[in-house]
Amino acid sequence: MKKLALVLAVFFMFLFVSSASAGLMEKNVFIVGTESTYPPYESRNEQGDLIGFDIDLMEVIAGKLGKKVEWQDIAFDALIPTLMAKRIDIIIAGMSITEERAQRVAFTKPYEISVSAFITKVDSDIKDIEALKGKSVATQIGTVQETYAHAIEGVTVRTFQKFDDCAREVLLGRVDAALMDIPVAREFVNQRDFTGKLKIAFEQIITEGGKAIALHLSDSDVAEAISKIIDELEESGEMQKLRDKWGM
């Protein structure tokens, strides 16, 4: 009986170690984190379903790898900590590559070059960085836009969990401008609540790193596999079809 108990203990320990060390590619379902207030990359439709360029892109990539996707909607600044804790497998959330982030996660190759824009009220005279001195700028917390805004001399930065909050703060006159990616800025200024009231004041390149998919550092092999699929989607024209679909 003692020998049987010992054998069973060793067996279950082996199962536990094997499952804990199993690679991401052995899973049938990828748990993917995003943040759903960033149209056209990710948002929710009237039925509450996740939609957007990033959502479609990840579903296509997962399909080519023979996997399904389980989505987790998480605050942007909590995405990387959640990935590092292995409570999710992948991040796709309009996330730009930075040196600091690359020390904590494994990035795929970029699937888009990042260009940002400042949005203001339609009657604002802000036209360039110099005009922002002495003004206030809203950004989403944890983004490259927040980092960039803090580096602008004479600017007061206010951070929010969601970019739609940033746009609303401009509309309400509580900040002078908001900084976000150019496709997102276009989306917001054309939304029913903001059309004719907000405008794109000017565009700004704020980082040389493009947008990429992030994985745990231990899953660099999967990051490489996804990078190859990104190349294939570019070459086949599928990536451009997704951009056209979402007006990017």
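Residues numbered from 1 in each chain as written. Predicted model: local features only at pLDDT ≥ 70, side-chain atom pairs only at ≥ 80, totals over all residues. Heavy atoms only, no water.

Asker: Help me understand helix α2 (residues 53–64) in this model?
Answerer: Helical geometry: 3.6 residues make up each α-helical turn, so side chains three or four residues apart lie on a common side. Counted at 1.5 Å a residue, the expected span for α2 with its twelve residues is 16 Å, and the 17 Å between its end C-alpha atoms agrees. What α2 keeps buried is the set Phe53, Asp54, Ile55, Asp56, Leu57, Met58, Ile61 and Ala62. Against β1 (29–34), β3 (50–51), β4 (68–73), β5 (90–91), α8 (220–236) and α9 (238–245) lie the buried residues of α2. Just downstream of α2 lies Gly66, where phi reads positive at about 75°. (Helix = DSSP H or I, 4+ residues; strand = E, 2+ residues; numbered from the N terminus. Expected span 1.5 Å × (residues − 1). Buried < 20%, exposed > 50% of the residue type's maximum accessible area, 1.4 Å probe, protein only. Contact = heavy atoms within 4.5 Å.)

Asker: What is the right way to read the sheet that holds strand β12 (residues 214–216) from this model?
Answerer: Two orientations exist for strands paired in a sheet by backbone hydrogen bonds: parallel and antiparallel. Across the sheet, which stays open at both edges, the five strands sit in the order β4-β1-β5-β12-β6 with mixed pairing between neighbours. Two strands lie at the open edges of the sheet, namely β4 and β6 (105–107), each paired on one side alone. Where β1 lies against β4, six bridges are found, and the strand directions are parallel. Considered in β4, the bridge of Phe30 is made with Val69. (Pairing = 2+ DSSP bridges.)

Asker: Would you mind showing me how to read the side chain of Gln145 here?
Answerer: Secondary-structure assignment places Gln145 in helix α5 (residues 144–150). Overall, Gln145 belongs to the buried group, its relative accessible area being 2%. Setting aside chain neighbours within four positions, we find Gln145 in contact with Tyr38, Ser116, Thr139, Phe163, Leu179, Met180, Asp181 and Ile206.

Asker: Explain the confidence of the model for the protein chain to me, please; I cannot follow it from the model alone.
Answerer: Detail in the predicted coordinates should be disregarded across regions flagged by low pLDDT. On average, residues of the protein chain score 91 in pLDDT, and 91% of them are at 70 or above. When the criterion is pLDDT under 50, residues 1–21 qualifies, and its contacts beyond four places in sequence or with other chains add up to zero contacts. (pLDDT = per-residue confidence, 0-100.)

Asker: What's the story with the environment of Ser43 in this structure? I'm lost.
Answerer: With respect to the secondary-structure elements, Ser43 resides in strand β2 (residues 43–44). Ser43 sits twelve residues away from Ile55 along the chain, and the two C-alpha atoms are 8.9 Å apart.

Asker: Would you explain the packing of aromatic side chains in this entry?
Answerer: Each aromatic ring pair is described using two quantities: the centre-to-centre distance and the angle formed by the ring planes. Tallying each qualifying case throughout the model produces six aromatic pairs. Judged by centre distance (6.4 Å) and plane angle (85°), the ring pair of Tyr41 and Phe53 falls under edge-to-face. Note that Tyr41 is positioned in the loop between β1 and β2 and Phe53 in helix α2, a separation of twelve residues in sequence. With respect to class, Tyr41 is no different from Phe53; both count as buried. Ring plane angle 80° and centroid distance 6.1 Å describe the contact between Phe188 and Phe194, whose orientation is recorded as edge-to-face. An identical accessibility class is assigned to Phe188 and Phe194; each is buried. Counting every residue linked through ring pairs, the aromatic cluster contains Tyr38, Tyr41, Phe53, Tyr111 and Phe163. (Phe/Tyr/Trp six-rings, centres within 6.5 Å; stacked < 30°, edge-to-face > 60°.)

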